[in-house]
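A look at the structure
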Amino acid sequence: MTPSDREPSIRLFNTLTREVADFRPREPPAVGMYSCGPTVYADQHIGNMRAYVFADTVKRSLTWKGFSVRHVVNITDVGHLTSDADSGDDKLELAARIQSRSAWEIAERYTREFKADLGRLRVLEPDVWCKATEHIPQMIRFAEVLDRNGWCYALPSGLYFDTSKDASYGRLARLDLAGQLAGARVELVEGKRNPADFAVWRTSTPEENRQMEWDSPWGRGAPGWHLECSVMSMEYLGQHFDVHTGGVDHIPVHHTNEIAQSEAYLGDGLPWVGWWLHGEFINLKGAKISKSTGVGVLVGDLIDRGYHPLTYRYLLLQAHYRSQTEFSWTAMDSSRAGLRRLLDRYATARQPEPADRLGAAARAHLAAFDRAVCDDLNTPKALAAVVAASRDDRLSDGDLTALASQFDSVLGIGLSDLRAADLDLRRSEVAISPEQVEELLAQRAAARAARDFARSDALRDHLAELGVAVEDQPGGTATWRWT
Ligand code: AMP
Ligand code: ZN
């Protein structure tokens, strides 16, 4: 692509301003980018994975536009409570009790599995992985500065940030503190001055019997979840940096609190981070896929059902990151069919060497792709350009080979190295046995006979979730097949 075919800049939606604007880092071409990583108390489901495929798409797109991105991702292995608003158990400690293992083992196990899943989805390795438990002294020093400068108050349960001292508190989320916030968050911590105040440090109670705890000026305990991200991002990216990503659920509490304490700590009156980018949820039957409610599908489940993980990545990229999207096995099937068609074409055309110079038609497709990427990461449109190029018989094999590697540098869906046949994994039969299918079909037939159509539909949906399609036949019988 000649420079004139390229969009001069990439436009991104900044949650801070609620506007799409030209992305301008502080010191181009360098970009410092921090992504809130997982709390490693359980398997990361495919909903969580959307957040990391999104961050990966941001990073790949910025790299595509010539920026040199330093990407930092944290592992929250301590301090995240079962409620984001400072109540409940530490998620790691709770998992350790339930599974009768040490909290350290829990963290190690789920971190390992998380990283394996990222690899399967071709999420690029960050430049820095950082674990909360390895940065405790830095967190204590940070909290000491806040405390010394009058931002905090101590309670028996820990050190709390006084949000009433921060005139701009809640600006990321546009929180209406007087109304919405007070109503939304019940004050569960005794002595908290304002409902939104949050723990910078939590002091352990004797009955808690924590495995992970450290001495601090506010007693033995553990850091607050928000503190971790403020401290680790600054440690690896400097006091101010360019991009911070996370899921939309992080806007009202986690990121709001990260901003409040970081700007209080810095005290220079400048915005801490320039660009806040948030990815929307993927839902299962209209509800957020979520670890805490136990509704979770894992990357391993996709594989067990014979789907290549990149089929899921392709499914995600078909939705804009700021739209909610719906997961279903039917959507996975269409996604697989779409990706298979693309790989058929790009793999057949694949040459040992790409074309030296792209022909005019190929350049036009690349320009359309670039426009889509620069338009707030419009991956559905970018994929439309990939499809259009695959159908354009004016393109030479060399053109397609060159385009595949360019497209793939942003999309990561195997255009330049996979073949369509690679998408067909051998399905394992773990999901449900044929006997269990027959049993559920018998229950469904009984429900239909009793005219309980709600139950009959629910059973059909349940079977669909397990990868079984039911077809009703005339005369009231039903047949089924694996999907
Ligand atoms: P957690 O481990 O709970 O902190 O979540 C890790 C990341 O996954 C966060 O950025 C969440 O916003 C994100 N996340 C959780 N559930 C979903 C979902 N159903 N769809 C998209 N992102 C999600
Ligand atoms: Zn974070």
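All of the points below concern the structure found in this document. Just so you know, these numbers come straight off a predicted model, no measurement behind them.

Let us now look at the nonpolar core. Ranked by size, the top nonpolar core spans 75 residues in total, and within it Val200, Leu302, Tyr312 and Phe327 carry the most contacts. Listed in part, the 52 residues of the second largest apolar core include Phe23, Trp275, Ala362 and Leu415.

A few words now on the packing of helix 11 (residues 360-374) against helix 12 (residues 379-390). Between helix 11 and helix 12, the shortest axis-to-axis distance is 8 Å and the interhelical angle comes to 170 degrees. In this view, helix 11 runs roughly antiparallel relative to helix 12, as classed from their interaxial angle. From helix 11, His365, Ala368, Phe369, Ala372 and Val373 reach across to helix 12, where they touch Lys381, Ala382, Ala385, Val386, Ala388 and Ala389. A class-by-class count of the residues in the contact of helix 11 with helix 12 yields nine nonpolar, one polar and one charged.

The protein atoms that coordinate the zinc ion (ligand 2) are Cys36 (SG), Cys229 (SG) and His254 (NE2), at distances spanning 2.0 to 2.2 Å. Between the donor residues of the zinc ion (ligand 2), the gaps in sequence give the motif C-x192-C-x24-H. With Cys36 in the loop between strand 3 (30-35) and helix 1 (46-64) and Cys229 in helix 6 (residues 225-237), this residue pair connects regions lying 193 residues apart in the sequence. Both residues of the pair, Cys36 and Cys229, belong to the buried class.

In this section: helix 13 (residues 397-411). In this model, helix 13 (15 residues) spans 20 Å end to end at C-alpha, consistent with the 21 Å of a helix rising 1.5 Å per residue. Counting buried residues along helix 13, 11 of its 15 residues qualify, which places the element largely inside the surrounding structure. Tucked inside the fold, the buried residues of helix 13 contact helix 1, helix 9 (309-317), helix 10 (329-349), helix 11 and helix 12. Just past helix 13, the residue Gly412 takes up positive phi, approximately 65 degrees.

The subject of this paragraph is the side chain of Ser456. Mapped onto the elements, Ser456 comes out in helix 15 (residues 453-465). Beyond its immediate chain neighbours, meaning those up to four positions away, Ser456 contacts Arg444, Ala447 and Arg448.

A few words now on the sheet that holds strand 7 (residues 128-131). Strand order in the open sheet formed by five strands is 7-4-3-12-13, with parallel pairing between adjacent strands. Edge positions in the open sheet fall to strand 7 and strand 13 (273-279), since each of these has one partner strand only. For this sheet, the mean angle separating the axes of adjacent strands, direction not counted, is 20 degrees. Sheet topology note: the strand 3/strand 12 (residues 241-247) ladder contains three bridges and is parallel. Pairing of Met33 across the sheet is with Val243, part of strand 12. Across the face of the sheet, helix 1 comes into contact with strand 3, strand 4 (68-75), strand 12 and strand 13 while running at roughly 175 degrees to strand 3.

Read across the open sheet, the four strands follow the order 8-9-10-11; overall the sheet is antiparallel. Only two strands of the sheet have a single partner each, and these edge strands are strand 8 (152-155) and strand 11 (221-223). Within the sheet, the average angular offset between the axes of one strand and its neighbour, ignoring direction, is 20 degrees. Lying over the sheet, helix 7 (residues 251-266) contacts strand 9 (158-161) and strand 10 (198-203), oriented at roughly 85 degrees with respect to strand 10.

Let us now look at the environment of Val128. Along the chain, Val128 falls in strand 7. Judged by relative accessible area, Val128 falls into the buried class, the value being 12%. Considered as a pair, Val128 and Leu237 are 109 residues apart in the sequence and their alpha carbons are 9.9 Å apart. Sequence-distant contacts of Val128, defined by excluding residues within four places in its chain, comprise Arg70, His71, Val72, Val73 and Tyr236.

Moving on, we come to the pairing of strand 9. Looking at chain direction, strand 8 and strand 9 are connected through four bridges and run antiparallel. Directly across from Ala154, in strand 9, lies its bridge partner Leu159. The turn linking strand 8 back onto strand 9 is made up of two residues. Here strand 9 pairs with strand 10 via four bridges, running antiparallel. Bridge pairing in strand 10 links Tyr160 to Ala199.

Conventions used here
Residues numbered from 1 in each chain as written. Chains lettered and ligands numbered in written order. Predicted model: local features only at pLDDT ≥ 70, side-chain atom pairs only at ≥ 80, totals over all residues. Heavy atoms only, no water. Core = buried A, V, L, I, M, F, W, Y, C linked by side-chain atoms within 4.5 Å. Buried < 20%, exposed > 50% of the residue type's maximum accessible area, 1.4 Å probe, protein only. Axes fitted to C-alpha atoms, helices over the stretch in contact; angles between N-to-C directions. Helix = DSSP H or I, 4+ residues; strand = E, 2+ residues; numbered from the N terminus. Parallel < 35°, antiparallel > 145°, perpendicular 65-115°, else oblique. Contact = heavy atoms within 4.5 Å. Nonpolar A, V, L, I, M, F, W, Y, C, P; charged D, E, K, R; others polar. Donors = N, O, S within 2.8 Å, 3.2 Å for Na, K, Ca; no water. Expected span 1.5 Å × (residues − 1). Pairing = 2+ DSSP bridges.

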